[in-house]
Amino acid sequence: MLFRSCIIDGPLALDNALSEEAAQHKGVGGPVAGKADIFLMPNIECGNIMYKTLSYAAKAKLGAILVGTSAPVVLTSRSDSHETKLNSIALAALVARNIKK
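Let me sum up the structure you'll find in this document. (Residues numbered from 1 in each chain as written. Predicted model: local features only at pLDDT ≥ 70, side-chain atom pairs only at ≥ 80, totals over all residues. Heavy atoms only, no water.)

## With respect to the nonpolar core
A general feature of soluble globular proteins is that nonpolar side chains tend to end up buried together. The line we're drawing: We call a set of buried Ala, Val, Leu, Ile, Met, Phe, Trp, Tyr and Cys residues a nonpolar core when their side-chain atoms join them within 4.5 Å. In this scheme, a residue with accessible area under 20% of its type's maximum is buried, one over 50% is exposed, and one in between is partly exposed, where area comes from a 1.4 Å probe on protein chains only. Here, two residues are considered to be in contact whenever any of their heavy atoms come within 4.5 Å of each other.
Among the nonpolar cores identified, the biggest contains five residues, and these are Met 50, Tyr 51, Leu 54, Leu 62 and Ala 64. In contact with Leu 54, other than residues within four places in its own chain, are Phe 39, Lys 59, Ala 60 and Leu 62.

## Remarks on the environment of Tyr 51
Rules: For helices the rule is a DSSP run of H or I covering at least 4 residues; for strands it is a run of E covering at least 2, with both sets numbered from the N terminus onward. For the purposes of these results, a polar contact is taken to be a pair of N or O atoms within 3.5 Å, where, inside protein, one atom must be able to donate a hydrogen and its partner to accept one; residues adjacent in sequence count only when each atom of the pair is a side-chain atom.
Examined against the element boundaries, Tyr 51 turns out to sit in helix H3 (residues 44-57). For the pair Tyr 51 and Ser 77, spaced 26 residues apart in sequence, the C-alpha separation works out to 9.8 Å. When residues no more than four places from it in sequence are discounted, the contact partners of Tyr 51 are Leu 62, Ala 64, Asp 80 and Thr 84. A distance of 2.5 Å separates the side chain of Tyr 51 from the side chain of Asp 80, its partner in a polar contact.

## Some details on the pattern of salt bridges
This is how the line gets drawn: Note on definitions: salt bridges are taken to be side-chain nitrogens of Lys or Arg within 4 Å of carboxyl oxygens of Asp or Glu.
As enumerated under the stated definition, the model contains two salt bridges in all. Note that Asp 15 is salt-bridged to Lys 26, the shortest N-O span being 2.4 Å. Taken as a pair, Asp 15 in helix H1 (residues 14-18) and Lys 26 in the loop between helix H2 (20-25) and H3 lie far apart in primary sequence, eleven residues in all.

## With respect to the side chain of Ser 77
Looking at the element boundaries, Ser 77 is found in the loop between strand S2 (73-74) and helix H4 (82-100). When its relative accessible area of 15% is taken as the criterion, Ser 77 is described as buried. Side-chain polar atoms of Ser 77 contact the side chain of Lys 52, separated by 2.8 Å. Contacts of Ser 77, omitting those with residues within four sequence positions, involve Lys 52 and Lys 85.

Any link to function would need more than the numbers given here.
As structure tokens, then:
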């Protein structure tokens, strides 16, 4: 298992993933509702929309990789900060290390 201490839940609508109040109001339960740290997107287009939204609207600390390939692929934008690029590389390195096991 890649991340032993993760709690995985979903699918969750975005408001239910980000807001405990929204999840509670809609009757969505579970350990991740309103507290999500990681978002998995169904395709690269949705991922790009979410990535840019979190980057510009929420000023989130980000790192992005493409999975489902023989090795993780680092995805960065030319406008990404140095921190975001480093986070992406670090995330890819963690995933790659665990693929080898």
